[in-house]
Amino acid sequence: MSDIDFYSRLSNSLVKEEKLSRPVVIRGQYKEALELLEDAAASQLTPMLLGPPGTGKTIIARYFAEKQKVPFEWMTFDEATKPQHLVGSFDPAIAFKKGFTNDAFVPGPLTKMMVNGGIFFANELNRATEYTQNTLLEPLEERSIYLPRIGRIQAHENFFMIAAANPADLAGTYRLSEALKDRIKVWISLTYPEREVEIEIIKANIPEVQLNDYYIEKVHDLIAVTRNSKEVERPASIRTGIALAKLIWKKIEKEGDIDERDLENIAYRVLLGGIKFKPGIDREKAIWTVIKTGLKGEP
Ligand SMILES: Nc1ncnc2c1ncn2[C@@H]1O[C@H](COP(=O)(O)OP(=O)(O)OP(=O)(O)O)[C@@H](O)[C@H]1O
Ligand SMILES: [Mg+2]
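Residues numbered from 1 in each chain as written. Chains lettered and ligands numbered in written order. Predicted model: local features only at pLDDT ≥ 70, side-chain atom pairs only at ≥ 80, totals over all residues. Heavy atoms only, no water.

Undergrad: Tell me what's going on with the site of ligand 1, and back it up with residues and numbers.
TA: Every one of the 16 residues lining ligand 1 counts as a neighbour, but Val25, Gly54, Lys57, Thr58 and Arg239 are closest to it. Between Gly56 and ligand 1, the recorded distance is 3.0 Å, taken from a backbone N or O atom to an oxygen atom. Between ligand 1 and the protein, one listed contact pairs an oxygen atom with a side-chain N or O atom of Thr58 at 2.7 Å. Here ligand 1 has 620 Å² of accessible area as a free molecule, and 86% of this is covered by the chains. Where the shell around ligand 1 is concerned, the elements lending two or more residues are α3 (57-68), α10 (195-205) and α12 (238-255). Here the residues of the shell around ligand 1 are counted per class, giving nine nonpolar, five polar and two charged. (Near = heavy atom within 4 Å. Polar contact = N/O pair within 3.5 Å; in protein donor to acceptor, adjacent residues only side chain to side chain. Areas by Shrake-Rupley, 256 points an atom, 1.4 Å probe, with all protein chains shown as cover. Helix = DSSP H or I, 4+ residues; strand = E, 2+ residues; numbered from the N terminus. Nonpolar A, V, L, I, M, F, W, Y, C, P; charged D, E, K, R; others polar.)

Now the structure itself:
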């Protein structure tokens, strides 16, 4: 394949309008979270979504942005994230030719949302170093930020930041600085949704799959066991449930049927990386206990 093929494909694959491609289930904890986000935004108070991986933090923030009809930019933080990743920096080639002019400035997601008016979603914010976290103090307190060589800018009235973190990480090495914590005013907890809601979420994420309710219930039995087991440190997420349902459907579609043994094998393949056991637990033994208990429907 030539480079010309690549470049024409590249322009064809550009996303023109970033929209959620699947329906979002707004029931139970998600309804409450959405209302809290709305109230926080109306009072210009910064919220934090707290929940283990895959509990819907990103999707609820994106849904909220779509509902408010404002742009949405996000960034996942870690220890290598630097203030300029958030704020932006000068394009060296343009700056060399024209100097440090405004059009040589390439904005980061925070600056973009502050200027254009929109939601900046700070994912895993607690993983950033305090140095990087400090970049957010002025935008959250004063709704302004200093851009080197440009000057101080005032945020658009629609600028709003939503943070997210995994509560288990909050106690770890990287924590939210006290200064930043003091500027986050609405704490919204998300957890694994109740059974009925989660089943609806799984179905909403696999519209192409016509798995009957018997198997969807089995999938939920399996993931529910991982959440109740004392041996499990990180249980199966909603994503794991979606993956199980997809693979079960593939097998049925290909072979017309599925037996207990196939179900067990699929569960093993997905759960192997989809859950984490506590230290010292015999993983192989524990995973089969989860599978046998789950498939018997006794979470
Ligand atoms: N309310 C919901 N409606 C529809 N789908 C949902 C809902 N909640 C979660 N999901 C689905 O579950 C999966 C995980 O959701 P999401 O990515 O928002 O979780 P997260 O908490 O941001 O995870 P992470 O901590 O890994 O970033 C996605 O596939 C998403 O589509
Ligand atoms: Mg996320």
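Now, onward.
Undergrad: Tell me about the domain arrangement of the protein chain, residues and numbers included.
TA: Here the protein chain is partitioned into domain 1 (18-189) and domain 2 (195-295). Of note, the centres of domain 1 and domain 2, computed from C-alpha atoms alone, are 33 Å apart. Every contact between the two is made by eight residues of domain 1 and, on the other side, 12 residues of domain 2. Interface area for domain 1 against domain 2, summed over the two sides, is near 920 Å², with a carbon-plus-sulfur share of 58%. As a salt-bridge pair, Arg27 and Glu200 come within 2.2 Å of each other at their nearest N and O atoms. The tally of links between domain 1 and domain 2 comes to three residue pairs in polar contact (both at pLDDT 80 or more). Its residues assigned to classes, the side of domain 1 that touches domain 2 comprises four nonpolar, two polar and two charged. (Domains from an automatic or database assignment. Contact = heavy atoms within 4.5 Å. Buried area = accessible area lost by both parts, 1.4 Å probe. Salt bridge = Lys/Arg side-chain N within 4 Å of Asp/Glu carboxyl O.)

Undergrad: I'd like a rundown of the packing of aromatic side chains, residues and numbers included.
TA: Enumeration according to the criterion identifies nine aromatic pairs in this entry. For the ring pair Tyr214 and Tyr215, a centre distance of 5.0 Å and an interplane angle of 85 degrees mean the geometry is edge-to-face. Under the relative-accessibility criterion, Tyr215 is labelled buried at 13%. Residues Tyr268 and Trp288 carry aromatic rings whose centres are separated by 5.2 Å and whose planes lie at 10 degrees to one another, so their mutual orientation is stacked. One end of the pair, Tyr268, is in helix α13 (residues 260-274); the other, Trp288, is in helix α14 (residues 283-295), and 20 residues separate them in sequence. Here Tyr268 falls in the buried class, since its relative accessible area comes to 11%. We classify Trp288 as partly exposed; its relative accessible area is 24%. (Phe/Tyr/Trp six-rings, centres within 6.5 Å; stacked < 30°, edge-to-face > 60°. Buried < 20%, exposed > 50% of the residue type's maximum accessible area, 1.4 Å probe, protein only.)

Undergrad: With reference to specific residues and values, describe the sheet that holds strand β1 (residues 46-50).
TA: The parallel open sheet is built from five strands, whose spatial order is β2-β5-β8-β1-β9. With one partner strand each, in any of the chains shown, β2 (72-76) and β9 (184-189) form the two edges of the open sheet. If you compare each strand with its neighbour and ignore which way they point, the axes differ by 20 degrees on average. Pairing analysis gives five bridges linking β2 to strand β5 (residues 119-123), with the strands arranged parallel. In the sheet register, Met75 faces β5, and the bridge partner there is Ala122. Together, β1, β8 (160-165) and β9 form the strand contacts of helix α2 (residues 29-42), whose direction differs from that of β9 by roughly 170 degrees. Each of β2 and β5 touches helix α6 (residues 109-116); the most contacted strand, β2, lies at about 160 degrees to it. (Pairing = 2+ DSSP bridges. Axes fitted to C-alpha atoms, helices over the stretch in contact; angles between N-to-C directions.)

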